[in-house]
Amino acid sequence: MRATIPFEDRPAGSGDVMWRYSENPVIGRYHIPTSNSIFNSAVVPFEDGFAGVFRCDNKAVQMNIFAGFSKDGISWEINHDPIEMVAGNTGMIESAYKYDPRVTFIEDRYWVTWCNGYHGPTIGIAYTFDFKTFYQCENAFLPFNRNGVLFPEKINGKYAMLSRPSDNGHTPFGDIWISYSPDMKYWGEHRCVMKVTPFEQSAWQCTKIGAGSVPIRTEEGWLEFYHGVINTCNGFRYSMGAVLLDLEDPSKVLYRTQPYLLAPAEIYELAGDVPNVVFPCAALSDGERIAVYYGAADTVVGMAFGYQQEIIDFIKANSI
Ligand code: BMA
């Protein structure tokens, strides 16, 4: 039996289309003995509960990914040792660091994508059946790239991945692209999906954007939560929006939020190792309700909730 997704109703008096969990953050920075911070992490239904892949930076501030398990999706037991990969569809590839994982169940296994340090950031790929043994595959792309997010099913017979070509640093630009693969090894047919917005139109997403959660199939399109960034006089500010992509051709944007759905406002989003960051990396849906997991201030993990149809209606009514 599938576990019920974590959810809490809209707070009385709130008119927001998405709202935060009242007990945020759900994972604190010192949740495991070695961690400096745990954030930008991914969660999926697994067995009778949930499993996740967590970004834990240690106290040397080395970035790595760790497996974790939960019965309710809120209380997490995260392994104290990072994931050790074994060779998958290729020999082992150097990985100087790993961060910002996403997890996608496709057909018979869970696929993990992350930002893999290989002469700069690119997209690493691994699969697992049990969150114990992880098989590392070819990197998807040349450096530099981040925010690789797989669709949960093949599209026209091919695996599909959103990503964000970038540079080696704190990238001051970035649009969302889609690429296809027949075998999870060779990627091509790269198409631009969506770009940053003009400043006057929607400034929270005018500097760079990146895919966040695994897209959710709905009757009205793929529902994708993404992050958008504005470069302020005090640095980058990361917020969350959502987009509906065409089911058959997800390079086509149907509707996209002009206003954000969630932006840094609570103290754990405003204060931390990198202030002013809301960074979604996963979303659970039971068809009616949605639970989003997001990194807050590059320090902790928070959750936000909403009703799927209300979110879709909001995107359509407030589209660019
Ligand atoms: C991005 C990535 C994310 C991080 C964000 C804000 O470039 O490094 O991991 O959350 O910056 O610092």
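This text follows the structure it describes.
Residues numbered from 1 in each chain as written. Predicted model: local features only at pLDDT ≥ 70, side-chain atom pairs only at ≥ 80, totals over all residues. Heavy atoms only, no water.

1. Topic: the overall build of the chain
Note the cut-off: The way it works is that DSSP assigns letters per residue, a run of H or I at least four long becomes a helix, a run of E at least two long becomes a strand, and they are numbered from the N terminus. Here the globule rule reads 2.2 Å times residues to the power 0.38, and the radius of gyration is calculated from C-alpha atoms. Whether a residue is buried, partly exposed or exposed follows from its accessible area with a 1.4 Å probe, protein chains only, as a fraction of its type maximum: under 20%, in between, or over 50%, in that order.
Helix and strand counts for the chain come out as two helices and 22 strands. A globule of 320 residues ought to have a C-alpha radius of gyration of about 20 Å, and the chain, at 18 Å, matches this closely. Judged by the C-alpha coordinates and their principal axes, the chain covers about 50 × 45 × 45 Å. Counting all 320 residues of the chain, 56% fall into the buried class.

2. Concerning unusual backbone geometry
With an omega of -10°, the peptide bond running from asparagine 24 to proline 25 counts as cis. Mapped onto the elements of the fold, proline 25 is located in the loop between strand 1 (19-20) and strand 2 (35-46). In this model, proline 143 is joined to phenylalanine 144 through a cis peptide bond whose omega is 10°. With respect to the secondary-structure elements, phenylalanine 144 resides in the loop between strand 10 (134-136) and strand 11 (145-150).

3. A look at the site of the ligand
Quick reminder of the rule: Only heavy atoms are used to decide nearness, and a residue is near a molecule or strand if one of them lies within 4 Å of it. Within 3.5 Å is the distance limit for a polar contact, defined as a pair of N or O atoms, with the added protein rule that one can donate a hydrogen and the other accept it, and that residues adjacent in sequence qualify only through two side-chain atoms. Per-residue and other accessible areas were derived by the Shrake-Rupley procedure at a 1.4 Å probe size, with only the shown protein chains allowed to occlude residues. Cavity means a closed set of points on a 1 Å grid over the protein atoms alone, one where a 1.4 Å probe fits but cannot get out, pocket means an open set with protein on both sides within 12 Å along at least 5 of 7 lines, and lining means a residue has an atom within 4 Å of a point. If over half the atoms of a molecule are within 2 Å of the grid points of a cavity or pocket, the molecule is regarded as sitting in it. When residues are sorted by character, Ala, Val, Leu, Ile, Met, Phe, Trp, Tyr, Cys and Pro go into the nonpolar class, Asp, Glu, Lys and Arg into the charged class, and all the rest, Gly among them, into the polar class.
All residues adjacent to the ligand are Asn40, Arg55, Asp100, Tyr238, Val274, Val277, Phe279 and Asp298. Within the side chain of arginine 55, one N or O atom sits 2.8 Å away from an oxygen atom of the ligand. At a separation of 2.6 Å, an oxygen atom of the ligand approaches a polar side-chain atom of aspartate 100. Isolated, the ligand exposes 310 Å² of accessible area, and the fraction of that covered by the protein chains is 86%. For the ligand, the cavity whose grid points lie within 2 Å of the majority of its atoms is the largest pocket. For the shell around the ligand, a count of residues per class yields four nonpolar, one polar and three charged.

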